[in-house]
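Chain by chain, the residues run as shown.
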There are 2 protein chains.
Amino acid sequence: MPRYKLIVEYDGTHIFGWQRQVDTPTGQGFLEKAIEDFCGEVVTVHCAGRTDAGVHATGQVVHFDLVKEWDAFRVMDALNAHLRFTPLSVLHTELVGEDFHARFSAVGRRYVYRIINRRAPLTIDANRAWQVTAPLNVAAMQDAAQILVGTHDFSSFRASECQSKSPVKTLDELRFESNGNEILMHTAARSFLHHQVRNMIGTLVMVGQGKWDKTNLKEALDAKNRSKGGPTAPPDGLYLTHVYY
Amino acid sequence: MPRYKLIVEYDGTHIFGWQRQVDTPTGQGFLEKAIEDFCGEVVTVHCAGRTDAGVHATGQVVHFDLVKEWDAFRVMDALNAHLRFTPLSVLHTELVGEDFHARFSAVGRRYVYRIINRRAPLTIDANRAWQVTAPLNVAAMQDAAQILVGTHDFSSFRASECQSKSPVKTLDELRFESNGNEILMHTAARSFLHHQVRNMIGTLVMVGQGKWDKTNLKEALDAKNRSKGGPTAPPDGLYLTHVYY
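About the criteria used
- Residues numbered from 1 in each chain as written.
- Chains lettered and ligands numbered in written order.
- Predicted model: local features only at pLDDT ≥ 70, side-chain atom pairs only at ≥ 80, totals over all residues.
- Heavy atoms only, no water.
- Buried < 20%, exposed > 50% of the residue type's maximum accessible area, 1.4 Å probe, protein only.
- Helix = DSSP H or I, 4+ residues; strand = E, 2+ residues; numbered from the N terminus.
- Arc of directions from axis to C-beta.
- Polar contact = N/O pair within 3.5 Å; in protein donor to acceptor, adjacent residues only side chain to side chain.
- 1 Å grid on protein atoms, 1.4 Å probe; cavity = no way out; pocket = protein on both sides within 12 Å on 5 of 7 lines; lining within 4 Å.
- Points joined across faces, edges and corners; volume = space filled by probe spheres on them.
- Nonpolar A, V, L, I, M, F, W, Y, C, P; charged D, E, K, R; others polar.
- Salt bridge = Lys/Arg side-chain N within 4 Å of Asp/Glu carboxyl O.
- Contact = heavy atoms within 4.5 Å.
- Buried area = accessible area lost by both parts, 1.4 Å probe.
- Domains from an automatic or database assignment.
- Least-squares fit on C-alpha atoms with pLDDT ≥ 70 in both.
- Phe/Tyr/Trp six-rings, centres within 6.5 Å; stacked < 30°, edge-to-face > 60°.
- Lys NZ or Arg CZ within 6 Å of the ring centre and 35° of its normal.
- Pairing = 2+ DSSP bridges.

1. Section: helix α5 (residues 214–223) of chain A
Note that an α-helix has 3.6 residues per turn; residues three or four places apart therefore point the same way.
Residue and element names in this part refer to chain A.
Then comes step 1: Those residues of α5 lying buried are L217, A220 and L221. For α5, the angular spread of buried residues about the axis comes to 95 degrees, placing them on one side.
Then comes step 2: Sitting at the amino-terminal end of α5 is D213, which places a side-chain oxygen 3.0 Å from the backbone nitrogen of T215.
Then comes step 3: Once α5 ends, the next one or two residues include K224, with phi positive near 50 degrees.

As structure tokens, then:
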């Protein structure tokens, strides 16, 4: 059966996470419904990284099989027509071999976490960034963040419901960029634990506010205990931007 | 009476323009209600540039008078508390002299118009940019745009309901910037005619699509007739970003 690989984008604000749930708007649910509406086939869509409610994606990757082989470009346009009233859209479609798996073939994921550091509530960026009112020292965050780069047991930044077999992950990149009052955290790894990015940024914001220093962050990491890590940042600022194969 | 100058930001998506209307969400309406809720005073708020429904602002300037003199910073926080469930927020507040007028003291306005040039419908940027599906030649748009810079009769880019005394305006800047599939048009002038920015970008997109060239644009400008200009671009991509005094 022909296998289709898609790159999809979504505004997570009105999506209650990725996974299909009855009578609930989810990324998987919208996409499987659009596929059925387009060609009548009922399929299961597999994604590279399941995102939580409120988390956005500009580069989520999915795959599914259809009995019929369609022109990839036509699949994209047809799905987008059926997705028109949803917060999800298809950026790219291609036919891939049967050995391709959106999740298991992935060798890297990249996320961006977006903070707006200001006192006034967000309007245009509401639900699209985390508003942090206390002034942040981005240089201190960048410096402390390097403690997390490399291979570590990330238990202190792992959600209790995480299903990963091991808490040991290799973080390839953790880098801050600031432009006016907008602060972006860029991070990449082969894979992440559940809530790892949100727990890391939640903790690094404590460093940026001066409540913690590098030593506290190192102690938190070494404790391998979620209760020693900082708070979980809101989903609003998180974007899955790229999956590598 | 103490006069207050505010810089305000709003997501124009759910605001039916700036001007107060009965039972309709407008920028002026939200702000006057918040002021009354905060201090009990019923005032008229004057703005630098009345924006249409759907147009955004990151740097709209307004002024109003109150009988009581408050600390400017306290006014900002109090108003933002009362504006919490609106798409409008106060970025800055200061006390100014009685000779300051948000509209009449302004010596310049700056707008940004944002285009996303791609085939897939917008999700995260829905209502926040104009999606143009046909590929655009940004260099051609930048080149042609220079015809509009300077002092001209802009009748071909003027809404029929425009209340300006003269159609002659001096355009100080019209510059394109592109980053991936995002195209930004930066423009500045002492003042603009009604719909001028949206009509200019609507016409320049025809140049970007190769439907028009520089000569067509020059002929449209010289015609001094709205029917010879290009279409009006949607409000979604327009942002009032700065007012100069």
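There's more to say after this.
2. Observations regarding the layout of surface pockets
Then comes step 1: Considering only enclosed or pocket space, the largest pocket measures out at about 1,800 Å³ in volume.
Then comes step 2: Lining the largest pocket are 41 residues; nearest its centre among them are R114, D125 and E182 of chain A together with R114 and E182 of chain B.
Then comes step 3: Residues belonging to the lining of the largest pocket are distributed by class as follows: 14 nonpolar, 13 polar and 14 charged.

3. Examining the pattern of salt bridges
Then comes step 1: Tallied over the full model, the rule gives 28 salt bridges over all chains.
Then comes step 2: Here R110 of chain B ties to E173 of chain B by a salt bridge, and the two come within 2.9 Å at their closest N and O atoms. Separated by 63 residues along the polypeptide, R110 of chain B in strand β5 (residues 108–117) and E173 of chain B in strand β8 (residues 168–179) bring together distant segments of the chain.
Then comes step 3: One salt bridge connects E173 of chain B with R175 of chain B, and the closest N-O pair in it is separated by 3.0 Å.
Then comes step 4: One connected set of salt bridges, linked through shared partners, spans R110, E173 and R175 of chain A.

4. A word on the interface of chain B and chain A
Put simply, an interface is often sized by how much accessible area is lost when its parts join up.
Then comes step 1: Each partner contributes to the interface: chain B provides 24 residues, whereas chain A provides 24 residues.
Then comes step 2: With both chains or domains summed, chain B and chain A bury close to 1,700 Å², and 60% of this area falls on carbon and sulfur atoms.
Then comes step 3: At the boundary of chain B and chain A, one finds four salt bridges.
Then comes step 4: The residue R118 of chain A makes a salt bridge to E9 of chain B at a minimum N-O spacing of 2.8 Å.
Then comes step 5: There are ten residue pairs in polar contact (both at pLDDT 80 or more) connecting chain B and chain A.
Then comes step 6: Sorting the residues of the side of chain B that touches chain A by element identifies β1 (3–10), β3 (56–65), α2 (72–82) and β4 (88–96) of chain B as the ones contributing at least two each.
Then comes step 7: In terms of residue class, the side of chain B that touches chain A is built from 13 nonpolar, five polar and six charged.

5. What about the domain arrangement of chain A?
All names here are of chain A.
Then comes step 1: Its domain assignment divides chain A into domain 1 (3–96) and domain 2 (108–244).
Then comes step 2: Summarising the inter-unit geometry, the C-alpha centres of domain 1 and domain 2 are found 27 Å apart.
Then comes step 3: Each side of the interface is counted separately: domain 1 has 16 residues, and domain 2 has 15 residues.
Then comes step 4: For the pair domain 1 and domain 2, the number of links is two salt bridges.
Then comes step 5: Where D11 meets R128, a salt bridge forms, and the shortest distance between an N and an O atom there is 3.0 Å.
Then comes step 6: Inspection of the region where domain 1 meets domain 2 yields ten residue pairs in polar contact (both at pLDDT 80 or more).
Then comes step 7: Tallied by class, the residues present in the side of domain 1 that touches domain 2 amount to five nonpolar, eight polar and three charged.

6. With respect to the relation of the copies chain B and chain A
Then comes step 1: Expressed as a screw operation, the relation of chain B to chain A combines 0.0 Å of axial shift with a rotation of 180 degrees, fitting to an RMSD of 0.0 Å. The superposition of one copy onto the other is thereby described by a two-fold rotation axis. The position closest to the rotation axis in chain B is occupied by the C-alpha of D125 of chain B, lying 4.9 Å away.

7. Section: the packing of aromatic side chains
Then comes step 1: Under the counting rule described, the total for this entry stands at 14 aromatic pairs over all chains.
Then comes step 2: Aromatic pair Y113 of chain B and W130 of chain B: ring centres 6.2 Å apart, planes at 90 degrees, arrangement edge-to-face. Of this pair, Y113 of chain B sits in strand β5 while W130 of chain B sits in strand β6 (residues 130–132), placing them 17 residues apart in sequence.
Then comes step 3: On the basis of relative accessibility, which here comes to 19%, the residue W130 of chain B falls in the buried class.
Then comes step 4: Above the face of the W70 of chain A ring, K68 of chain A is positioned so that its terminal group lies 4.1 Å from the ring centre.

8. Some remarks on the side chain of R128 of chain A
Then comes step 1: Counting through the fold element by element, R128 of chain A comes out in the loop between β5 (108–117) and β6 (130–132).
Then comes step 2: Polar side-chain contacts of R128 of chain A include one of 3.0 Å to the backbone oxygen of I124 of chain B.
Then comes step 3: Beyond its immediate sequence surroundings of up to four residues, R128 of chain A is in contact with D11, H56, R114, D236, G237 and Y239 of chain A together with I124 and R128 of chain B.

9. As for the environment of N117 of chain B
Residues and elements named next belong to chain B.
Then comes step 1: Assignment of secondary structure puts N117 in strand β5.
Then comes step 2: For N117, a relative accessible area of 16% corresponds to the buried category.
Then comes step 3: A sequence separation of 47 residues divides N117 from S164, and the C-alpha atoms of the two residues are 33 Å apart.
Then comes step 4: Aside from chain neighbours lying at most four places away, what touches N117 is V132, T133, A134, P135, L136, N181 and I183.

10. Considerations on the pairing of β3 of chain B
On a regular strand, each side chain points to the face opposite its neighbour's, so the side chains alternate between the two faces of the sheet.
Residue and element names in this part refer to chain B.
Then comes step 1: Among the ten residues of β3, eight are classified as buried, and the element is accordingly described as predominantly covered.
Then comes step 2: Across seven bridges, the pairing between β1 and β3 is antiparallel. When the sheet's bridge partners are listed, R3 is paired in β3 with D65.
Then comes step 3: Where β3 and strand β10 (residues 238–244) come together, two bridges link them in parallel fashion. Of the residues in β10, the one forming a bridge with A57 is L240.

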